[in-house]
Amino acid sequence: MGFKCGIVGLPNVGKSTLFNALTATAAAEAANYPFCTIEPNVGRVGVPDKRLDELAKIAGSAKIIPTQLEFVDIAGLVRGASKGEGLGNQFLAHIREVDAIVHVVRCFEDTDITHVEGEINPLRDIDVIETELMLADMESLEKRIPALEKKLRTKDPVALVQFPLMERALTLLREGKPARFVQCAPEEQVELGRLGLITTKPTLYACNVSESDAVKGNAFTEQVKARAEKEGGQVAIISAAIEAEVASLDSEKDKTEFLQSLGLSETGLARVIREGYALLNLITFFTIGPKEARAWTVHKGAKAPQAAGEIHTDFERGFICAETTSYEDYVACNGEQGAKAAGKLRLEGRDYIVHDGDVFHFRFNV
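The present account deals with the structure reproduced in this document. (Residues numbered from 1 in each chain as written. Predicted model: local features only at pLDDT ≥ 70, side-chain atom pairs only at ≥ 80, totals over all residues. Heavy atoms only, no water.)

Examining the overall build of the protein chain
Counting its secondary structure elements, the protein chain contains 14 helices and 12 strands. Across the 366 residues that make up the protein chain, the buried fraction comes to 51%. Restricting the contact set of the protein chain to residue pairs at least 6 apart, pairs at least 24 apart contribute 69%. For the protein chain, the computed accessible surface area is about 17600 Å², with 50% contributed by carbon and sulfur atoms. (Helix = DSSP H or I, 4+ residues; strand = E, 2+ residues; numbered from the N terminus. Buried < 20%, exposed > 50% of the residue type's maximum accessible area, 1.4 Å probe, protein only. Contact = heavy atoms within 4.5 Å. Areas by Shrake-Rupley, 256 points an atom, 1.4 Å probe, with all protein chains shown as cover.)

Thoughts on the pairing of strand β9 (residues 292-299)
Side-chain positions along a regular strand alternate between the two faces of the sheet. Here three bridges tie strand β3 (residues 63-65) to β9, and the two strands are oriented parallel to one another. Across the sheet, the residue bridging to I64 is A293, located in β9. Where strand β8 (residues 282-288) and β9 come together, seven bridges link them in antiparallel fashion. Each residue of the ladder has a partner; that of F286, found in β9, is A295. Adjacent in sequence and paired antiparallel, β8 and β9 are bridged by three residues. (Pairing = 2+ DSSP bridges.)

Things to note about the state of the cysteines
Applying the stated criterion across every chain, the model contains zero disulfides. Sulfur of C207: no disulfide; nearest cysteine sulfur belongs to C107 and is 4.1 Å away. Under the relative-accessibility criterion, C207 is labelled buried at 0%. (Disulfide = S-S within 2.5 Å.)

Considerations on the packing of helix α1 (residues 15-23) against helix α8 (residues 240-248)
Where α1 contacts α8, the axes come no closer than 8 Å and their chain directions differ by 30 degrees. For the element pair α1 / α8, the angle class is roughly parallel. Between α1 and α8 lies a crossing of left-handed hand. Here T17, L18, A21 and L22 of α1 come into contact with α8, specifically with A240, E243, A244 and A247. Classifying every residue of the contact of α1 with α8 by side-chain character gives six nonpolar, one polar and one charged. (Axes fitted to C-alpha atoms, helices over the stretch in contact; angles between N-to-C directions. Parallel < 35°, antiparallel > 145°, perpendicular 65-115°, else oblique. Left-handed = near helix turned anticlockwise from the far one by under 90°. Nonpolar A, V, L, I, M, F, W, Y, C, P; charged D, E, K, R; others polar.)

Here we look at the nonpolar core
With 38 residues, the main nonpolar core has F3, C5, L69, F71, I95, I101 and L269 as its most contacted residues. Residue assignment for this core shows that the elements contributing at least two residues are β1 (3-8), α1, β4 (68-73), β5 (100-106), α4 (122-153), β6 (203-208), β7 (234-238) and α10 (268-280). At six residues, α10 tops the list of elements feeding residues into this core. Apart from residues lying up to four places away in sequence, F71 is in contact with C5, I7, F19, L22, T23, N41, V42, G43, V45, L269 and V272. Counting residues in each nonpolar core, the second largest holds 19 residues, with M138, A159, L165 and L172 among its members. (Core = buried A, V, L, I, M, F, W, Y, C linked by side-chain atoms within 4.5 Å.)

Quick word on the packing of aromatic side chains
A complete count under the given rule lists seven aromatic pairs for this structure. By way of ring pairs, the aromatic residues F285, W296, F319, Y352, F360 and F362 are connected into one cluster. Here the basic side chain of R180 rests over the ring of F181, its NZ or CZ set 5.5 Å away from the ring centre. (Phe/Tyr/Trp six-rings, centres within 6.5 Å; stacked < 30°, edge-to-face > 60°. Lys NZ or Arg CZ within 6 Å of the ring centre and 35° of its normal.)

Quick look at the sheet that holds β7
With mixed pairing, six strands are arranged side by side in an open sheet as β2-β4-β1-β5-β6-β7. Across the chains shown, the open sheet's two edge strands, defined by having one partner strand only, are β2 (41-46) and β7. When the angles between neighbouring strand axes are averaged without regard to direction, this sheet yields 25 degrees. Note that β1 and β5 share four bridges and pair parallel.

Comments concerning α1
In terms of residue burial, α1 counts as a mostly covered element, since eight of its nine residues are buried. For α1, the full list of buried residues reads K15, S16, L18, F19, N20, A21, L22 and T23.

Description of the packing of α4 against helix α5 (residues 157-174)
Here α4 crosses α5 at 145 degrees, and the two axes come no closer than 9 Å. As for how α4 packs across α5, the hand of that crossing is left-handed. Residue-level inspection shows M134, D137, M138, L141, E142, R144, I145, L148, E149, K151 and L152 of α4 in contact with α5, the latter providing A159, L160, Q162, F163, M166, A169, L170, L173 and R174. Here the residues of the contact of α4 with α5 are counted per class, giving 13 nonpolar, one polar and six charged.

Structural notes on unusual backbone geometry
We note that N12 has phi near 65 degrees; this positive angle belongs to a residue other than glycine. Relative to the elements of secondary structure, N12 occurs in the loop between β1 and α1. In this model, K155 sits at a positive phi of 60 degrees, which is unusual for a non-glycine residue. Looking at the element boundaries, K155 is found in the loop between α4 and α5.

A look at the pattern of salt bridges
Enumeration over the complete set of coordinates arrives at 25 salt bridges. As a salt-bridge pair, D137 and R96 come within 3.2 Å of each other at their nearest N and O atoms. With a gap of 41 residues between them, D137 in helix α4 and R96 in the loop between α3 (92-95) and β5 connect regions that are remote in the sequence. By relative accessible area, which is 0% here, D137 ends up buried. Overlapping salt bridges bring together D127, E130, R180, R227 and E231 as one network. (Salt bridge = Lys/Arg side-chain N within 4 Å of Asp/Glu carboxyl O.)

With respect to the side chain of E70
Looking at where E70 falls in the secondary structure, it is placed in strand β4. Assessed through its relative accessible area of 15%, E70 is described here as buried. A polar atom in the side chain of E70 sits 2.8 Å from the side chain of R44. The contact partners of E70, leaving out residues within four places of it in the chain, are F3, K4, C5, V42, G43 and R44. (Polar contact = N/O pair within 3.5 Å; in protein donor to acceptor, adjacent residues only side chain to side chain.)

Read these as spatial facts, not as claims about activity.
Laid out in structure tokens, this is it:
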């Protein structure tokens, strides 16, 4: 399953440079002027997970297949984007299709790279983008509500659920607050998500810093962290310049040594993924065998049949049980047979809740 992230931000904050580095491609033209990204570029990357490599080594797997993360690089937004300024709201439609937003915020000083607003102020930059997204959501709701009101008269079941949610969301937006702050019951959360509002999407702030601030951040990143804590969002400190350098290195050894020389233990991609998984409440399970070792992603709280369904719908439909070993037990017992001999391999049924790192072999009958 993985997840799909839309990368947004003002022009010249390092968005396309970061996209290129994260996907190790030159698909997005990084240039020191606004709107160099004309169409949204899409890049898929394998999610780095050292556990998968370890499991594959133990099982002697011929192939290693990580779960996939999709990045969509969306052109730099500016004030008035929702009204057609810059490249306009054609890009806002692309944001509606993603699971989460990675909002790249410039947290570095560099006189050689112009800032569209004239000075470095990350909180103002965040407000500019969020205002445009809220205005786009307002326009969307104002267009849809009249048609929904007509359906209310016929007691349309969908309209009965969606209309009060739309009204509450529109009230908040008009007050200058994003739709993610709509108060709703747990059973309404799914319907709120179906409204396709941009400002309900979870947001990860990627603070783009200079090399010297990549380890600890700076005063700008502290401002962003404080804001994210209030909103329930996540923050990842990254350096697009470092990520670009890492992407240009050929061997994993060279990459590791380069990162260590800067005092870093992992890439920005790893941090973005980790924070993104936390934001979306995602966890990873594995299927391991001699042919392939593979990672899969499900939402926290998913049950075993749902996990089986990520592999194939037939697996969920005909689910019998899941032969289950924790990652720790699989490694400690040197594989499935050792885990079985040690009594660490369990048979779990339909109500079993998946844990991060579970190694599954599903039994099913269709």
